[in-house]
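Each chain is listed here by its residues.
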Amino acid sequence: MDLKIVDNYSEMSEIAANTVAGLVQSKQAAVLGLATGSTPEGMYARLVEIYREGAIDFNSVKTFNLDEYVGLAPEHPQSYHQYMNKHLFDHVNIKPNNTSIPYCSSNDDPAVVCAEFENKIKQAGGIDLQVLGIGVNGHVGFNEPASHLRTTTHLVELAEETIEANSRFFNTVDEVPGKAITMGMGSIMGARKVILLASGKNKAKAVRSSFSGLISTETPASLLQLHREVMVVVDREAASLL
Ligand code: PGA
């Protein structure tokens, strides 16, 4: 594991953007695994700048997002579809058909949606680089602490801490969907390279239990200790309990 402790959020974002850009420069048809949330916003902003400078081309790039709420239409302002459009897709030359986010309406069969999503990753040749944030409870994607973790993309009930943490984006906590589709730990561990980002004091406990403690399904990010090529980029505050 390559652990980098940096001064602040903007340094973390710079390293992450350069890592993604470096891959896209070396492999035109790179397959990216992408994350949403506050953490990667700076990385996306920097990537858009790098694109505008003419240094990267998304024409042949494919992307797979980690997760999405169940029952939120892609047009909903808090859907991860909208997040991705706003922070990346609307600003670069990526082909909409090359972007995949696991969408499951209330009428869809989640098992079918999940199987199709996994298949699509396989058909794309697997993920070259997976970008991850980390939840305050140590979750990655929406793989919540539990006695068992699932391997492939699946339906999850969100943990109370996650609903609480994500309520900041909604008018009330009751509006936060209780279910989501997420890549499983196996889908994430299957990426050829992983970069996990964490910033701020509220992530310090999760960072400590994930990267300086035992590997446990109760801290899903700790499984990444077993990945062959994982880079963990944390700012001073998030690293303060290491
Ligand atoms: P955040 O979320 O980047 O908004 O803190 C991270 C996560 O819950 O995985």
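Reading the values: rules and limits
- Residues numbered from 1 in each chain as written.
- Predicted model: local features only at pLDDT ≥ 70, side-chain atom pairs only at ≥ 80, totals over all residues.
- Heavy atoms only, no water.
- Helix = DSSP H or I, 4+ residues; strand = E, 2+ residues; numbered from the N terminus.
- Rg over C-alpha atoms; globule rule 2.2 N^0.38 Å.
- Buried < 20%, exposed > 50% of the residue type's maximum accessible area, 1.4 Å probe, protein only.
- Contact = heavy atoms within 4.5 Å.
- Areas by Shrake-Rupley, 256 points an atom, 1.4 Å probe, with all protein chains shown as cover.
- Lys, Arg positive; Asp, Glu negative; His and termini not counted.
- Charge placed at Lys NZ, Arg CZ, Asp CG, Glu CD.
- Axes fitted to C-alpha atoms, helices over the stretch in contact; angles between N-to-C directions.
- Parallel < 35°, antiparallel > 145°, perpendicular 65-115°, else oblique.
- Left-handed = near helix turned anticlockwise from the far one by under 90°.
- Nonpolar A, V, L, I, M, F, W, Y, C, P; charged D, E, K, R; others polar.
- Pairing = 2+ DSSP bridges.
- 1 Å grid on protein atoms, 1.4 Å probe; cavity = no way out; pocket = protein on both sides within 12 Å on 5 of 7 lines; lining within 4 Å.
- Points joined across faces, edges and corners; volume = space filled by probe spheres on them.

**Q** Quick rundown of the overall build of the protein chain? Include the residues and the values.
**A** When helices and strands are counted, the protein chain shows 7 helices and 10 strands. Against the compact-globule benchmark of 18 Å for 242 residues, the protein chain has a radius of gyration of 17 Å, which places it among compact chains. Judged by the C-alpha coordinates and their principal axes, the protein chain covers about 45 × 45 × 35 Å. Taken over 242 residues, the protein chain has a buried fraction of 53%. Across the protein chain, the fraction of contacts at a sequence separation of at least 24, relative to all contacts at a separation of at least 6, is 79%. Carbon and sulfur atoms make up 48% of the accessible area of the protein chain, which amounts to about 10,900 Å² in all. Within the protein chain, the 28 negative side-chain charges are centred at a point lying 7 Å from the centre of the 20 positive side-chain charges.

**Q** So what's going on with the packing of helix 1 (residues 9-26) against helix 2 (residues 41-52)? Residues and values would help.
**A** Close contact between helix 1 and helix 2 brings their axes to 8 Å; oriented N to C, the two are set at 50°. Considering the angle they form, helix 1 stands oblique to helix 2. Crossing handedness for the pair helix 1 and helix 2: right-handed. Contact residues: Tyr9, Ser13, Glu14, Ala16, Ala17, Asn18, Val20 and Ala21 in helix 1; Glu41, Gly42, Met43, Arg46, Leu47 and Ile50 in helix 2. Taken together, the residues of the contact of helix 1 with helix 2 break down into 8 nonpolar, 3 polar and 3 charged.

**Q** Please set out the environment of Pro110 residue by residue, giving values where relevant.
**A** On the secondary structure map, Pro110 appears in helix 4 (residues 110-123). Along the backbone, Pro110 and His81 are 29 residues apart, and their C-alpha atoms lie at a distance of 17 Å. Each residue touching Pro110, except ones within four places of it in the same chain, is listed here: Cys104, Leu155 and Ile181.

**Q** Requested: an account of the packing of helix 2 against helix 3 (residues 80-87), with residues and values cited.
**A** Orientation of helix 2 relative to helix 3, taken along the N-to-C sense of each, is 40°, at an axis distance of 9 Å. Viewed along their axes, helix 2 and helix 3 adopt a mutual orientation that is oblique. Touching Glu41, Tyr44 and Val48 of helix 2 are Tyr83, Met84 and His87, all from helix 3. Taken together, the residues of the contact of helix 2 with helix 3 break down into 4 nonpolar, 1 polar and 1 charged.

**Q** Quick one: what's the story with the sheet that holds strand 2 (residues 31-34), residue by residue and with numbers?
**A** Judged by pairing direction, the sheet is parallel, and its 7 strands sit side by side in the order 1-10-9-6-2-3-5 without closing on themselves. On the outer flanks of this sheet lie strand 1 (2-6) and strand 5 (99-100), each paired with one strand and no other. In this structure, strand 6 (residues 129-132) lies alongside strand 9 (residues 193-198), joined through 4 bridges in parallel fashion. What sits directly across from Gln130, in strand 9, is Val194. In the packing of helix 1 onto the sheet, contacts are made with strand 1, strand 2, strand 6, strand 9 and strand 10 (230-235), and the angle to strand 9 comes to roughly 165°.

**Q** So what's going on with the layout of surface pockets? Which residues, and what values?
**A** Roughly 700 Å³ of volume is contained in the largest pocket. Sorting the residues of the lining of the largest pocket by element identifies strand 4 (67-69), helix 3 and helix 5 (160-166) as the ones contributing at least two each. The element that contributes the greatest number of residues to the lining of the largest pocket is helix 3, accounting for 5 residues. For the lining of the second largest pocket, the secondary structure elements donating two or more residues are helix 3, strand 5 and helix 4. Here the lining of the second largest pocket gets 4 residues from one element, more than from any other, and that element is helix 4.

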